[in-house]
Each structure stands twice: as structure tokens, then as C-alpha cells.
Amino acid sequence: MEANRGNILYLVVPCYNEEEIIELSIGRLKEKMNRLISEKKIDGRSKVVYVNDGSRDKTLSLLHVAAKEDSSIAVISFSTNFGHQSAILAGMMFATDHADMVITIDADLQQDIEALDKFIEAYMHGNEIVYGVRNDRNSDGFFKKLTATMYYKFLHVLGCDIITNHADYRLMSKKALKVLGEYKEVNLFMRGLVPTLGFKSDIVYFDVKAREAGSSKYTLKKMVKLATDGITSLSIKPLHLIIGLGFATCLFSVLMAIYIFVDWLSGNTVPGYTTSLMITLIMNGITLLSLGIIGEYIGKIYMEAKGRPRYIVESIVFQKEDEQ
Ligand code: UDP
Ligand code: MG
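Described below are features of the structure shown in this document. (Residues numbered from 1 in each chain as written. Chains lettered and ligands numbered in written order. Predicted model: local features only at pLDDT ≥ 70, side-chain atom pairs only at ≥ 80, totals over all residues. Heavy atoms only, no water.)

### A short note on the overall build of the protein chain
At step 1: In terms of regular secondary structure, the protein chain is built from 10 helices and eight strands.
At step 2: In terms of overall size, the protein chain is more extended than a compact globule, its C-alpha atoms giving a radius of gyration of 25 Å where 324 residues would be expected to give roughly 20 Å.
At step 3: With the C-alpha coordinates of the protein chain rotated into their principal frame, the extents come out at 95 × 45 × 40 Å.
At step 4: Of all 324 residues assigned to the protein chain, the portion counted as buried reaches 43%.
At step 5: Charge centroids of the protein chain, computed over 37 positive and 38 negative side chains, lie 2 Å from each other. (Helix = DSSP H or I, 4+ residues; strand = E, 2+ residues; numbered from the N terminus. Rg over C-alpha atoms; globule rule 2.2 N^0.38 Å. Buried < 20%, exposed > 50% of the residue type's maximum accessible area, 1.4 Å probe, protein only. Lys, Arg positive; Asp, Glu negative; His and termini not counted. Charge placed at Lys NZ, Arg CZ, Asp CG, Glu CD.)

### Things to note about the coordination of the magnesium ion (ligand 2)
At step 1: Within the protein, Asp108 (OD) and Gln110 (OE1) serve as the donor atoms for the magnesium ion (ligand 2), at 1.9 Å.
At step 2: A residue is classified by how much of its surface remains accessible, and Gln110, at 22% relative accessible area, is partly exposed. (Donors = N, O, S within 2.8 Å, 3.2 Å for Na, K, Ca; no water.)

### Description of the packing of aromatic side chains
At step 1: Counted according to the given criterion, the structure contains six aromatic pairs.
At step 2: What links up through ring pairs into an aromatic cluster is the set Phe78, Phe82 and Tyr311.
At step 3: Lying across the ring of Tyr123, Arg5 places its NZ or CZ 4.1 Å from the centre. (Phe/Tyr/Trp six-rings, centres within 6.5 Å; stacked < 30°, edge-to-face > 60°. Lys NZ or Arg CZ within 6 Å of the ring centre and 35° of its normal.)

### Considering helix H1 (residues 22-38)
At step 1: For H1, which comprises 17 residues, the first-to-last C-alpha distance of 24 Å matches the rise-based estimate of 24 Å (1.5 Å per residue) to within 8%.
At step 2: Along H1, the residues classified as buried are Ile22, Ser25, Ile26, Leu29, Lys32, Met33 and Leu36. With its buried residues spanning 140° around the axis, H1 presents them on a single face. Exposed residues pointing more than 90 degrees away from the buried face of H1 are listed as Glu23 and Ser38.
At step 3: On its buried face, H1 sits against strand E1 (9-15), strand E2 (47-52), helix H2 (59-69), strand E3 (73-78) and helix H4 (116-124).
At step 4: Following H1 by one or two positions, Lys40 has its phi on the positive side, about 60°. (Expected span 1.5 Å × (residues − 1). Arc of directions from axis to C-beta. Contact = heavy atoms within 4.5 Å.)

### A short note on the sheet that holds strand E7 (residues 201-206)
At step 1: If you walk across this open sheet you meet the eight strands as E7-E5-E6-E4-E1-E2-E3-E8, and the pairing is mixed. Taken across any chain shown, the strands that pair with only one partner, and hence form the sheet edges, are E7 and strand E8 (313-317). On average, adjacent strands in this sheet sit at an angle of 20° to one another, irrespective of strand direction.
At step 2: Pairing between E1 and strand E4 (residues 101-104): four bridges, direction parallel. (Pairing = 2+ DSSP bridges. Axes fitted to C-alpha atoms, helices over the stretch in contact; angles between N-to-C directions.)

The following block contains the structure:
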């Protein structure tokens, strides 16, 4: 165990339209934090930072009520919905100045909070990053299970350094967070970005439960956006694949031209309608797909070039504890 590791923990909890479950979560996290403090696993100045990602329901007012009664609760509120990845980033960047370690966890507490002890232990053993990895995907539906498994496999094929089944339940030390703060990219895919930082790291396994209240805030649209952001922010291999595809079709065209020429020499001129239609359709398909992929990257470059803020904070409720 490393001596003198500070143990002020900030939990970062992104919240988007979570009015059905937020009070339950606040209570459970409070209880867990108190337990960790009384067991001397974390410092008494530890806090839970809720990041309201532009909720349109009562989430923010419920958070403000809780923060008023309890100085260990901080609330950061965005001006509008910037997405889960921006919300956790904002919470982490805020916490960097005050905490020794930060753990991000979803507001619905589907991820087992009893695993927090293991995260802290791994940090105390000198790890700068600790990845939470789910034990199984039994709480997911068939579609999510299948697409998630295929997606992680695909990212590995593209050469991305991503940890299978690690979502955003993660501990980062102050040191790692300071480095993360230097990354200015707008297209955020935290679970792909963090492993590229390096540092000594460890994995903690945890169980995932079904949501107790409310529904998933990840619509199919948000999920597809996250998945494409993941690919385009981590890898340019799809562009290389297009070049490969281009070469292959060129070669195919030359062979086809020779075949047609030989066919013509032997006097067959009229047939071939099906073949030519098929080739036209396939070629158009390939061309449009390739343009689409290139366009996706150009779009990303465009957004990065604008350098717009990744989130806009409208208000912060935070009581700094005096140094002890
Ligand atoms: N979330 C967010 N902004 C969004 C969508 C989701 O901050 O635009 C938060 C949400 O409140 C929750 C976490 O991200 O704390 C994970 O979302 P959810 O539980 O709905 O996703 P799922 O578990 O279904 O993948
Ligand atoms: Mg969830």
C-alpha cells in the first residue's frame, strides 16, 4: 500500500430526467458514503457531486433540496442537455481541484455501490485509474446484449485499446484527472479515451441490476451517436478500409473490362443486362457508403475546429469544507 495517499473521494453522478429515482439514489449514496467515512476508508470531507444534464423534470429542484440539507452534496447544473459523457467530464473537472480520487457512477445505481470499497482499495494500492467491469449482461435485453458484444469486438478489430464491458463506472486519481483535463476534444468517448492515458491501473468486477425506477435515458439515437463517436474518436481505420475497398473495386473493374472485351470479340453483345445493373447498384452502394464514412470524419473535424464548449454550466451549489 502506498503511504500518504490522500483519500478525499468525490463521487460524480450524471442525472438526466431522473426524478423517479433520484431521491432513492441520494439516500443510498449518502448512507454508503457515511459508512466509508466511519470505516476510515475515505476522508470526512468527501462529497457526492450531482451533475444535472439539462433535465426537464423535477430532478434539479430535488437535488437542490438535498444539497440545502446536506453540505456533502454538490450540484452542478447545465444550461441544457449536453449528454452523459459531457456530464461526467464536467463533474470530474470540477472535482479535480478538491478531491484526491473521483468515481463516476450512474444515477440509477444499476451498478453495485458495494464495489466502491474495491475501487478505493485499488487506488490505495497505487493505481491511478480503476475500471469497473460488469460481471455479465443478464440485466440487458437481447438486442443490447448482442449489439454491445459486437461493438466491443469491432472496436478491438479496429485496434482500439478498449476494455470490454467497462462502461463509465470508473475511478480516477487527481493525477490522472489533471492529464485528462489537457484533452480538449469535443467528441467525447470517455471509456475509449481514458485507457490511452496509460498509468498504473486495475479492474474491479461488479454486478449490474435492473433499473428500479424510471426508464433508460439512453435512447437509440443517443446510443448510435455514442457508438459512432467511439469509433471515429478512437480510430481512422475505417478510412484505410475505404482505400482498400477502392483498390479492390478497381481491380475488379479491370478484370470485368477484360471479360467484356473477350465476350464482345466472341460476338456476344446484347445479353448482360442483369450483370451491368448489379454492378451499377453495388458500385453506387460502395461509393455512397465510403462517402458517408469520409463525411462522418469531416463532420467531426468541423465540430472540433469550431472548438465550442463541451458543456455550459448554469449554476453550481457547493460548500467548501475547511481544511482539517
Ligand atoms: N444521462 C445523462 N445525460 C443523457 C443521458 C443519460 O446524464 O443525455 C445519465 C443518466 O441520468 C444516468 C446515466 O447517464 O445517470 C446512464 O443512463 P441510463 O441509466 O439511462 O443508461 P442505461 O443504463 O440504460 O445504459
Ligand atoms: Mg442505467
